[in-house]
Amino acid sequence: MVIKLIALPLIAFVIGIFFLGLFRKITARIHRRYGPPLTQPVIDIIKLFYQKSVSHGRLFDFGIIVSLAGSLAVILFLPFAGICPLESSGGLLVIAYLLLFAPLGIALSGGEAANPNISIGISRKLILSLGYEVPLILILLAVMTHYKTISIAQIVSMQQKTGWAVFSAPLFLSGISYILILPAMLGVRPFDIASAPQEISSGVKVEYGGKFLALATIEHAFHLFIGISLFVNLFLGGGNVFVFFLKMIFVFIAGVFVHSVFPRFRTEQAVKYLWGWPALIALLGLVLAVTVK
Amino acid sequence: MAKKEEILNVLKSFRDKGYDHLEMVSCVDRIKENKFEIVYILSSYGENETVILKTAISRENPQIPSAIPVFENAEPYERELHELFGIDFEGHPRLTPLLLERKYKIPPFRKDFDTRKYVKEVFDEIPFIEDKK
Amino acid sequence: MDRNKISKWLKEPDKMSGKYSLWALYFCTGCGIIEVPPVLTSRWDAERFGVIPVATPRQANLFLITGYVSVKTLRAIIRSYEQMPEPKYVVGFGSCPINGGMYWDSYNTIKHLDKYIPVDGWIAGCPPRPEAIFVAVTHLWTLIDKGMAKGYVKYREKYELYRRNQEKVLGTLEWPPLFPIKDDGK
């Protein structure tokens, strides 16, 4: 139990950082560049921890820790290949609540720094999370209705008997909807409106330097892990450590492809998109899951 | 060439004839004749023609009516000329500094402004910061 | 990675990580900035050296000044430089920041950038080729390794001299001093 409690965040950290490196490498290869080494995020984080950093007040320090803690808590409720320390309590409902902690913590932290770019970034981030939460909740409801449980571990084990949910009859609409909102959850290119460096000077991160930026980078790594891991658990049927990792990489690389070829949405375009087809398909999926037994 | 007092009327008549785009207001410093030459460049989208209007004002008392009542987009050009040549545009709502950061005794684009002397006096006077040996 | 490099990483991780992850703040003045987009994008790919552009001075530790510096720009340069977290390095790109270049007798460009902020390296040329940025970056690596890129330390130690020079050219500065100014009765 204790070992699992320590091991799962460590696994999430390693995989998240690896994803950040892979992200930059694959983007570079698609741009026909050589790209940085895979260890570049590690080097960056070490450098950031050695830099002097400027704090803008107590809430500025506190908010980034709240955000990191929220992500860590989600990770503890999320099974990775059967490793799940808090399996018996919570489940999908808790995750749906805790997912909001990370953007809220960043918003708290940025509000202290009083930079106009930060307030624009925060409002965009919250609007974006409002945008993808609607289809996400519908998807989670459909999954819970179909499997008649809120425990992710049971959902995974049921899928291993009956096949992946994304290919099975009542849930494939929800799966498609999840695929459509996945770039928004990960915050990659069509939906990187919250951290747009060219428009609002990297948004909420504009006042972060040194250790704060390192913590924000680690939080981003956790965020990538959560979004993909949830999808693999709910719709791709889990698996042992190796298979699970392979599935995650597969989903992630699809996300990177989307990232490196699409331009950025405007805020209202993003919300219009997220509340359009993905929400509609998710609603249809929920209706299908309720009616079809 | 137009007279200084007439310039607004001339501009207005050209505007009514269809030359309704003021491309630029510029200035030439004729130091030998002791005059500033203000140049207005007008163009017409319909005819695809350009008209260049010039007027001369004295160097000692550089005053001219502002062209804003006729062409509103003359505002930044006139501000710039006020800053770089020291020309006073009567009726301009705000002749505040536009580009320059420092104060100059003689506006820097006049011919009698000695840039090399200015550079020697201001920028070369500032000492280097030496490393300790 | 050979054994030499690993032992270096273990001995001084601050220097090594600072070397291989230079996050650059490009100050877009003058014509040198035209050379920078090819460096970042597919043609010359600066990311393989760990150099990426960032949008704010808080995240940067390499300051590239690409072109002539007018008096008004100097104000912004000083403010950006003082916001960057230490350790920070400045590279002057092109001949204009070195001694004024073709603007040597202009009334409005400062001639020597290193009178106002410390500069760790220069790239000569009018303007230099994009490859010159890589030469500068690799040279900066050697300087960091030998502990010679200490511009920020110099700025801290001689802050009153720098501040006096800045006030001479800009008049009064509207921001408070970055470091406490020692009053030695001068």
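Residues numbered from 1 in each chain as written. Chains lettered and ligands numbered in written order. Predicted model: local features only at pLDDT ≥ 70, side-chain atom pairs only at ≥ 80, totals over all residues. Heavy atoms only, no water.

1. Observations concerning the overall build of chain C
Argument step 1. Within chain C, the secondary structure is distributed over 8 helices and 5 strands.
Argument step 2. Written out in order from the N terminus, the α and β elements of chain C read α-α-β-α-β-β-α-β-α-β-α-α-α.
Argument step 3. A compact globule built from 186 residues should have a C-alpha radius of gyration of about 16 Å, and chain C, at 17 Å, falls within 12% of that.
Argument step 4. Among the 186 residues that make up chain C, the fraction classed as buried is 59%.
Argument step 5. In chain C, 75% of the contacts between residues at least 6 apart in sequence involve partners at least 24 apart.
Argument step 6. The average position of the 26 basic charges and that of the 19 acidic charges among the side chains of chain C differ by 1 Å. (Helix = DSSP H or I, 4+ residues; strand = E, 2+ residues; numbered from the N terminus. Rg over C-alpha atoms; globule rule 2.2 N^0.38 Å. Buried < 20%, exposed > 50% of the residue type's maximum accessible area, 1.4 Å probe, protein only. Contact = heavy atoms within 4.5 Å. Lys, Arg positive; Asp, Glu negative; His and termini not counted. Charge placed at Lys NZ, Arg CZ, Asp CG, Glu CD.)

2. A look at the packing of helix H8 (residues 172–186) of chain A against helix H10 (residues 211–235) of chain A
All names here are of chain A.
Argument step 1. The contact between H8 and H10 brings their axes to 11 Å, and the two run at 175°. When the axes of H8 and H10 are compared, the pair comes out roughly antiparallel. Between H8, through Ser174, Gly175, Tyr178, Ile179, Leu182, Met185 and Leu186, and H10, the contact on the second element is made entirely by His220, His223, Leu224, Gly227, Ile228, Leu230, Phe231 and Phe235.
Argument step 2. For the contact of H8 with H10, a count of residues per class yields 10 nonpolar, 5 polar and no charged. (Axes fitted to C-alpha atoms, helices over the stretch in contact; angles between N-to-C directions. Parallel < 35°, antiparallel > 145°, perpendicular 65-115°, else oblique. Nonpolar A, V, L, I, M, F, W, Y, C, P; charged D, E, K, R; others polar.)

3. Some thoughts on the packing of aromatic side chains
Argument step 1. Considering all chains together, one arrives at 31 aromatic pairs over all chains under this definition.
Argument step 2. Centre to centre, the rings of A:Phe191 and A:Phe265 are 5.4 Å apart; their planes meet at 65°, and the pair counts as edge-to-face. One end of the pair, A:Phe191, is in the loop between H8 and helix H9 (197–200); the other, A:Phe265, is in the loop between helix H11 (241–261) and helix H12 (267–274), and 74 residues separate them in sequence.
Argument step 3. Residue class for A:Phe265 comes out partly exposed when judged on its relative accessible area of 27%.
Argument step 4. On the basis of an interplanar angle of 90° and a centroid distance of 5.1 Å, the ring pair of C:Tyr81 and C:Tyr155 is categorised as edge-to-face. Placement of C:Tyr81 in helix H4 (residues 71–83) and of C:Tyr155 in helix H7 (residues 151–157) is noted, with a sequence separation of 74 residues between them. Both residues of the pair, C:Tyr81 and C:Tyr155, belong to the buried class.
Argument step 5. Among the aromatic residues, ring-to-ring pairing joins B:Phe36, B:Phe85, B:Phe109, B:Phe113, B:Tyr118, B:Phe123 and C:Tyr107 into one connected group.
Argument step 6. The ring of C:Phe134 carries C:Arg48 above its face, with NZ or CZ at 5.4 Å from the centroid.
Argument step 7. Over the ring of B:Phe128 we find C:Lys115; its NZ or CZ atom is 4.8 Å from the centre of that ring. (Phe/Tyr/Trp six-rings, centres within 6.5 Å; stacked < 30°, edge-to-face > 60°. Lys NZ or Arg CZ within 6 Å of the ring centre and 35° of its normal.)

4. Here we look at unusual backbone geometry
All names here are of chain C.
Argument step 1. Here the bond from Glu86 into Pro87 is cis, since omega is -5°, no more than 30 degrees from zero.
Argument step 2. Positionally, Pro87 belongs in the loop between H4 and strand S4 (89–93).
Argument step 3. With an omega of -15°, the peptide bond running from Cys126 to Pro127 counts as cis.
Argument step 4. Structurally, Pro127 is set in the loop between strand S5 (121–123) and helix H6 (131–146).

5. Here's the deal with the arrangement of the chains
Argument step 1. Sorting the 2 pairs of chains in contact by contact count puts chains A and C at the top.
Argument step 2. Looking at chain A next to chain B, you find no contact at all, with the nearest C-alpha pair sitting 25 Å apart.

6. Quick look at the pattern of salt bridges
Residue and element names in this part refer to chain B.
Argument step 1. Summed over all chains, the structure comprises 23 salt bridges over all chains.
Argument step 2. A salt bridge links Glu75 to Arg94; the shortest N-O distance between them is 3.0 Å. You can see Glu75 sitting in helix H2 (residues 75–85) and its partner Arg94 sitting in the loop between strand S5 (88–90) and helix H3 (115–122), a full 19 residues away along the chain.
Argument step 3. Since its relative accessible area comes to 43%, Arg94 is described here as partly exposed. (Salt bridge = Lys/Arg side-chain N within 4 Å of Asp/Glu carboxyl O.)

7. Focus: the pairing of strand S3 (residues 62–66) of chain C
Residues and elements named next belong to chain C.
Argument step 1. The buried count for S3 comes to 5 of 5 residues, which makes it a mostly enclosed element.
Argument step 2. Both faces of S3 are covered, namely the face carrying Leu62, Leu64 and Thr66 and the face carrying Phe63 and Ile65.
Argument step 3. One ladder, built from 4 bridges, connects strand S1 (residues 23–27) with S3; its direction is parallel. Paired with Ala24 across the two strands is Leu62, which belongs to S3.
Argument step 4. One crossover worth recording links S3 to the parallel S4 by way of H4, and it is right-handed. (Pairing = 2+ DSSP bridges. Right-handed = clockwise from strand over helix to strand, strands pointing away.)

8. What to know about the interface of chain C and chain A
In many reports, interface size means the accessible area that the parts give up when they come together.
Argument step 1. Chain C puts 26 residues into the contact, and the matching count from chain A is 28 residues.
Argument step 2. Taken as a group, C:Glu47, C:Arg58 and C:Gln59 account for 28% of the area that chain C buries against chain A, more than any other trio of residues on that side.
Argument step 3. Along the contact surface separating chain C from chain A lie 5 salt bridges.
Argument step 4. Linking C:Glu47 and A:Arg33 is a salt bridge whose minimum nitrogen-to-oxygen distance equals 2.6 Å. (Buried area = accessible area lost by both parts, 1.4 Å probe.)

9. Digging into the confidence of the model for chain C
Argument step 1. On average, residues of chain C score 83 in pLDDT, and 97% of them reach the 70 mark or higher.
Argument step 2. Interface predicted TM-score (ipTM) for the complex: 0.83; the corresponding pTM is 0.83. (pLDDT = per-residue confidence, 0-100.)

10. A short note on the packing of H10(A) against H11(A)
All names here are of chain A.
Argument step 1. With their axes 9 Å apart at the nearest point, H10 and H11 run at an angle of 115° to one another. Compared by their axis directions, H10 and H11 come out roughly perpendicular. Pair H10 / H11 crosses with right-handed handedness. Contact residues: H10 offers Leu224, Phe225, Ile228, Ser229, Phe231, Val232 and Asn233, while H11 offers Phe244, Lys247, Met248, Val251 and Phe252. (Left-handed = near helix turned anticlockwise from the far one by under 90°.)

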